[in-house]
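Secondary and tertiary structure notes
These are the residues of each chain, in order.
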Amino acid sequence: MPPLAVLQQGVFSCDANRVTGAVQAGLTSSLHDFTIHNYVPIRSLALRNRKPMKLAEIADGLTCLSIKTLSLALQSPGLARRYLSSCSKTYDELAGKGLPSRSPVTPIENATIALPAYHSGGGMSFAELVILARTTKTRKPKTIFEMGTYNGLTTAVFMLNSAPDTVITTLDLPPSPQIVSENISSDKELISSRELASVPKALGLSRYTQLLCDSMQFDPSPFENSVELGLVDAAHDLIHVRSDTEKMATMMKEDGIVFWHDYGGKGILRPLASYLEKVASKCPIYRIPETSLAWAPAKGLKTAFAQAA
Ligand SMILES: C[S@@+](CC[C@H](N)C(=O)[O-])C[C@H]1O[C@@H](n2cnc3c(N)ncnc32)[C@H](O)[C@@H]1O
């Protein structure tokens, strides 16, 4: 199969018009030394099940109502929403609601990890970066695939903690993407504020491949059964998370591990959590306490999706 479009120095797009855009935007200037793959077809996906969630949001709010919530709401509704979301998430964890808690790895005693000291945004906390770093260091994956690059902070964590021959691929939208109506507000903000590759560039890291493609149009087949560590952290609405998860499952090796970010949040993030909890009725999926990370051994996930197909 011929490459549909290839950007210079290993940055790939699935849309030839946007290739020019990426080069003009200077995105490739900071990216070098990449492996070149054939990167190809566009797969169409039906959009399914769009459900309003206003009632669920109100119900979540009511369960955590307090003087403190009201006081924050008087200052700013945004602050109250954050407080409610965090209270509700902590309650679920402590009350054993949602996914069961389990750590993905137990590192050996003398292991060390490396993290960028500067936090460039993107929503992943330092505690979560530590978990991704520990998992990379302990499991030593040979292939890592990330959906949602943003500024490349998590991509950098993978590079800093993996062996030099690990193949790291990260996917994000082309430079001027069409923002679709399904995108939730926080994703719209991230899409417009991203500075792709800024973190790896600042750290002098270049051992990865940047794919520029809408994950809904991304064809995972060239990566089938090859990925040992996957991270789903692109768009967070149900339609995208479901499609990204299904694609990640096909790309995973049986003995691999998949992470999702933003599990457990309420309001606009609730459908993501509900979806993972539904998938968890068919295969093991766990949450990591005091974080928004969920993870699953790839074997069960692959079997669950294969049976559903
Ligand atoms: C939460 S950020 C990723 C953060 C990154 N993992 C980190 O912590 O360093 C989500 C990223 O997904 C990208 N994104 C959103 N919708 C996407 C889509 N449909 N296809 C590919 N990438 C998408 C956004 O542009 C944004 O850069």
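Computed from a predicted structure; not experimentally measured.

Some details on the overall build of the chain
Regarding its fold elements, the chain presents eleven helices and eight strands. Counting across all 309 residues of the chain, residues that qualify as buried make up 40%. Considering only contacts within the chain whose residues lie at least 6 apart along the sequence, 75% involve residues at least 24 apart.

A word on helix H6 (residues 153-161)
Of all nine residues in H6, eight are buried, a share of seventy percent or more. Structurally, H6 contributes buried residues whose contacts are with helix H5 (126-139), strand S2 (143-147), strand S3 (167-172), helix H8 (198-203) and strand S5 (227-232).

Examining unusual backbone geometry
Although it is not a glycine, Tyr150 adopts a positive phi angle of roughly 50 degrees. By C-beta crowding, Tyr150 is classed as buried, having 26 other C-beta atoms within 10 Å.

Let's talk about the pairing of strand S8 (residues 294-297)
Bridge count between strand S6 (residues 252-260) and S8: four bridges; the pairing is antiparallel. Within S8, the residue paired with Val258 across the bridge is Ala296. With two bridges joining them, strand S7 (residues 286-287) and S8 adopt antiparallel strand pairing. Following the sheet pairing, Tyr286 is matched in S8 by Trp295. Connecting S7 to the antiparallel partner S8 that follows it, the hairpin turn spans six residues, and Glu290 within it adopts a positive phi of roughly 60 degrees.

Digging into the packing of helix H3 (residues 67-75) against helix H4 (residues 77-94)
Between two packed helices, both the angle of their axes relative to each other and the distance between the axes serve to describe the pair. One way to put it is that H3 packs onto H4 with a least axis distance of 5 Å and a crossing angle of 150 degrees. The pairing of H3 with H4 is recorded here as roughly antiparallel in orientation. Of H4, the residues touching H3 (which contributes Thr69, Leu72, Ala73 and Gln75) are Pro77, Leu79, Ala80, Tyr83 and Leu84. Here the contact of H3 with H4 is composed, by residue class, of seven nonpolar, two polar and no charged.

Thoughts on the confidence of the model for the chain
On average, residues of the chain score 82 in pLDDT, and 81% of them are at 70 or above. Low pLDDT (under 50) marks residues 1-53, which in the prediction has 101 contacts with non-local residues, meaning those over four places away or in another chain.

Looking at the environment of Gly256
Mapped onto the fold, Gly256 is located in strand S6. With 28 residues separating them in the primary sequence, Gly256 and Glu228 have C-alpha atoms 4.1 Å apart. Once residues lying within four places of it in the same chain are set aside, the contact partners of Gly256 are Val227, Glu228, Leu229, Gly230 and Ala298.

Re the site of the ligand
Contacts to the ligand come from 22 residues, most closely from Gly122, Gly148, Tyr150, Leu153 and Ala235. Put simply, the parts of the chain that give the shell around the ligand at least two residues each are H6, S3 and helix H7 (185-193). Ranked by residue count, the leading element in the shell around the ligand is H7, at three residues. Taken together, the residues of the shell around the ligand sort by class into ten nonpolar, seven polar and five charged.

Re the nonpolar core
Nonpolar side chains tend toward joint burial in soluble globular proteins. Within the largest apolar cluster, 58 residues are counted, with the highest numbers of intra-cluster contacts made by Val232, Met252, Val258, Tyr263, Leu276, Ala294 and Trp295. With six residues, helix H9 (residues 238-251) is the single largest residue contributor to this core. In this structure Ala294 touches Leu99, Trp260, Tyr263, Leu276, Ile285, Tyr286 and Arg287, once residues within four positions along its chain are discounted.

Brief notes about the environment of Arg207
Following the sequence through the fold, Arg207 ends up in the loop between H8 and strand S4 (209-212). The exposure class of Arg207 is partly exposed, given the 17 C-beta atoms found within 10 Å. Separated by 38 residues in the primary sequence, Arg207 and Thr169 have C-alpha atoms spaced 9.3 Å apart.

Points about the packing of H9 against helix H10 (residues 270-279)
It is the contact of H9 with H10, at a shortest axis distance of 9 Å, that shows an interaxial angle of 35 degrees. Helix-helix and strand crossings are classified by hand; for H9 and H10 the assignment is right-handed. Where H9 abuts H10, its residues Leu238, Val241 and Arg242 lie against Pro271, Leu272 and Tyr275. Split by residue class, the contact of H9 with H10 holds five nonpolar, no polar and one charged.

Regarding the pairing of S2
The element S2 is largely enclosed, with a buried count of four among its five residues. Here S2 pairs with S3 via five bridges, running parallel. Across the sheet, Glu146 pairs through a bridge with Thr170, a residue of S3. After leaving S2, the chain enters H6 and then returns to the sheet as S3, a path that is right-handed. Of the strand pairs in this sheet, S2 and S5 are connected by four bridges, and their pairing is parallel. Residue pairing in the sheet places Phe145 in a bridge with Gly230 of S5.

Conventions adopted
- One numbering rule holds for all chains: residues counted from 1, following each sequence as written.
- Where totals are concerned, whole chains, interfaces and linings use all residues; where local detail is concerned, this predicted model gives features only for residues with pLDDT of at least 70, and gives and counts side-chain atom pairs only at 80 or more.
- By definition, any uninterrupted DSSP run of H or I lasting at least four residues is a helix, any uninterrupted run of E lasting at least two residues is a strand, and each is numbered from the N terminus.
- The burial criterion counts other C-beta atoms lying within 10 Å of a residue's C-beta, which is placed from the backbone; the residue is buried at 20 or more, exposed at 12 or fewer, and partly exposed between these limits.
- Here contacts are defined at the residue level, using C-beta atoms placed from the backbone and a cut-off of 7 Å between them.
- A pair of strands is labelled paired if DSSP reports no fewer than 2 bridges between them.
- All axes are obtained by fitting lines to C-alpha atoms, using only the stretch in contact for helices, and the reported angles, taken between N-to-C directions, cover 0 to 180 degrees.
- If an angle is under 35 degrees, it is roughly parallel; if it is over 145, roughly antiparallel; if it lies from 65 to 115, roughly perpendicular; otherwise it is oblique.
- In this classification, the charged set is Asp, Glu, Lys and Arg, the nonpolar set is Ala, Val, Leu, Ile, Met, Phe, Trp, Tyr, Cys and Pro, and all remaining amino acids, among them Gly, are polar.
- As a per-residue quantity, pLDDT reports the predictor's confidence and falls between 0 and 100.
- We count a residue as near a molecule or strand when its backbone-placed C-beta atom lies within 6 Å of that partner.
- The nonpolar core is taken to be a set of buried Ala, Val, Leu, Ile, Met, Phe, Trp, Tyr and Cys residues joined by way of C-beta atoms within 7 Å.
- Note on convention: the crossing is left-handed when the near helix lies turned anticlockwise from the far helix by less than a right angle, right-handed when the turn is clockwise.
- With the strands aimed away from the viewer, a crossover counts as right-handed if its path from the first strand over the helix to the second runs clockwise.

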